[in-house]
Amino acid sequence: MVEEVLAAANDAMTRGETVALVTIVRAVGSTPQRVGAKMLVFADGRTVGTIGGGCYESEAFWKARDAITTGRPALVRFDLNDDLAGESGLICGGQMDVFVEPLTPSPHLYIAGGGHVGMQLARAAAEVGFRIHVVDDREKFANAERFPAADEVAVDSIPDWLERAPLAQPAFIAIVTRGHQHDLSALRAAVAREARYIGLIGSRAKVTRIFEALRDEGLPAEALRHVHAPIGLDIGAVTPAEIAVSIVAEMVAVRHGKLDAGGLDAEALTMRFTPPSVR
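Definitions and limits used
- Residues numbered from 1 in each chain as written.
- Predicted model: local features only at pLDDT ≥ 70, side-chain atom pairs only at ≥ 80, totals over all residues.
- Heavy atoms only, no water.
- Pairing = 2+ DSSP bridges.
- Helix = DSSP H or I, 4+ residues; strand = E, 2+ residues; numbered from the N terminus.
- Contact = heavy atoms within 4.5 Å.
- Axes fitted to C-alpha atoms, helices over the stretch in contact; angles between N-to-C directions.
- Phe/Tyr/Trp six-rings, centres within 6.5 Å; stacked < 30°, edge-to-face > 60°.
- Buried < 20%, exposed > 50% of the residue type's maximum accessible area, 1.4 Å probe, protein only.
- Lys NZ or Arg CZ within 6 Å of the ring centre and 35° of its normal.
- Salt bridge = Lys/Arg side-chain N within 4 Å of Asp/Glu carboxyl O.

Undergrad: Can you lay out the sheet that holds strand β8 (residues 152-155) for me, pointing to particular residues and giving the numbers?
TA: Read across the sheet, six strands follow the order β8-β7-β6-β9-β10-β11 without closing on themselves; strand pairing throughout is parallel. On the outer flanks of this sheet lie β8 and β11 (227-228), each paired with one strand and no other. Taken together, the five bridges between strand β6 (residues 108-112) and strand β7 (residues 131-136) define a ladder with parallel strand orientation. Note that in β7 the partner of Ala 112 across the bridge is Val 135. Where helix α6 (residues 180-190) meets the sheet, its contacts fall on β9 (171-175), β10 (197-200) and β11, and the angle it forms with β9 comes to roughly 165°. Packing of helix α8 (residues 240-255) onto the sheet brings it into contact with β6, β9, β10 and β11, and relative to β10 it is tilted by some 160°.

Undergrad: Lay out the packing of aromatic side chains in plain terms, naming residues and giving numbers.
TA: Across all of its chains, the model carries five aromatic pairs by this definition. A ring pair is formed by Tyr 110 and Trp 161, whose centres lie 6.1 Å apart and whose planes are at 45°; its orientation type is tilted. Of this pair, Tyr 110 sits in strand β6 while Trp 161 sits in helix α5 (residues 158-164); the two residues are 51 residues apart in sequence, bridging distant segments of the chain. Each member of the pair, Tyr 110 as well as Trp 161, carries the same accessibility label: buried. Ring geometry for Phe 172 against Tyr 197: centres 5.7 Å apart, planes inclined by 25°, an arrangement best described as stacked. Of this pair, Phe 172 sits in strand β9 while Tyr 197 sits in strand β10, and the two are 25 residues apart along the sequence. Per residue, the accessibility class of Phe 172 equals that of Tyr 197, and both read buried. Site record: aromatic cluster; members linked through ring pairs are Phe 130, Phe 172 and Tyr 197. The ring of Phe 42 has Arg 46 lying over it, and the distance from NZ or CZ to the ring centre is 4.0 Å. The ring of Phe 141 carries the charged tip of Arg 138 above its face, separated from the ring centre by 3.9 Å.

Undergrad: Break down the pattern of salt bridges for me, citing the residues and quoting the values.
TA: Overall, the coordinates contain 14 salt bridges when judged by the stated rule. Notably, a salt bridge pairs Glu 17 with Arg 46, separated by 3.4 Å at the nearest N-O pair. Here the residue Glu 17 occupies a position in the loop between α1 (2-15) and β1 (19-28), and Arg 46 occupies one in the loop between β2 (38-42) and β3 (47-49), the gap between them amounting to 29 residues. A salt bridge links Arg 131 to Asp 151, with the nearest nitrogen and oxygen atoms 2.8 Å apart. You can see Arg 131 sitting in strand β7 and its partner Asp 151 sitting in the loop between β7 and β8, a full 20 residues away along the chain. A residue is classified by how much of its surface remains accessible, and Arg 131, at 40% relative accessible area, is partly exposed.

As far as function goes, none of this settles anything; it's purely spatial.
Following this line, the structure appears as structure tokens:
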């Protein structure tokens, strides 16, 4: 049974699906299952394996569903007293600790732009578990020599590639191209895709111009709400390596739920896209 659970967990990770693994880590007295018994819970409610059935398994199931949503593990204690035994139909009188662990697949980082920042970003992100994909329209900048840790390096039109490439989930997109127009076209393509994180490099003035241009094209302000721009945490980064560190730190914070996946709040969007005369 444990092998079946672990195989199902591995299959889910391969598909890019977040699941929760429920494991009995402590059992004292009479319990329906031993330490090490496991149950895998999927976001859609499917399960593989069991920790013994009954109402305590049902409670563990809902804890697992919560863990999938929040990304936070939990340790749950069950006292298998007479009342619980009566509810579950089980004859037991022990105590059991269950560890609920969300299993999140390695995130995929799609780097739009193979320049100096893109190269440093690929190196830093790979070190903390991101799977790297790089696209640039210049073979000089998009090649295996510059990105040895990348799963994929594509020489292509950046916006065209972002529009049609299959994005593995959870997907993070970092737009770090070589200029304003390239960033604009890349962001236009990126916001139409499903992604956990989209970041755009540039000064606040440049970001404002790009956002206003997309708004003038008819793109709803809501579509830009989840864009982190300027990209990265504000740590005073100057060099490409420092900028890469700031971007990776922001993505890690989003990945672990320490930072909202949204880049701009509604008030900021309203102010950005409302003409000064009517503000």
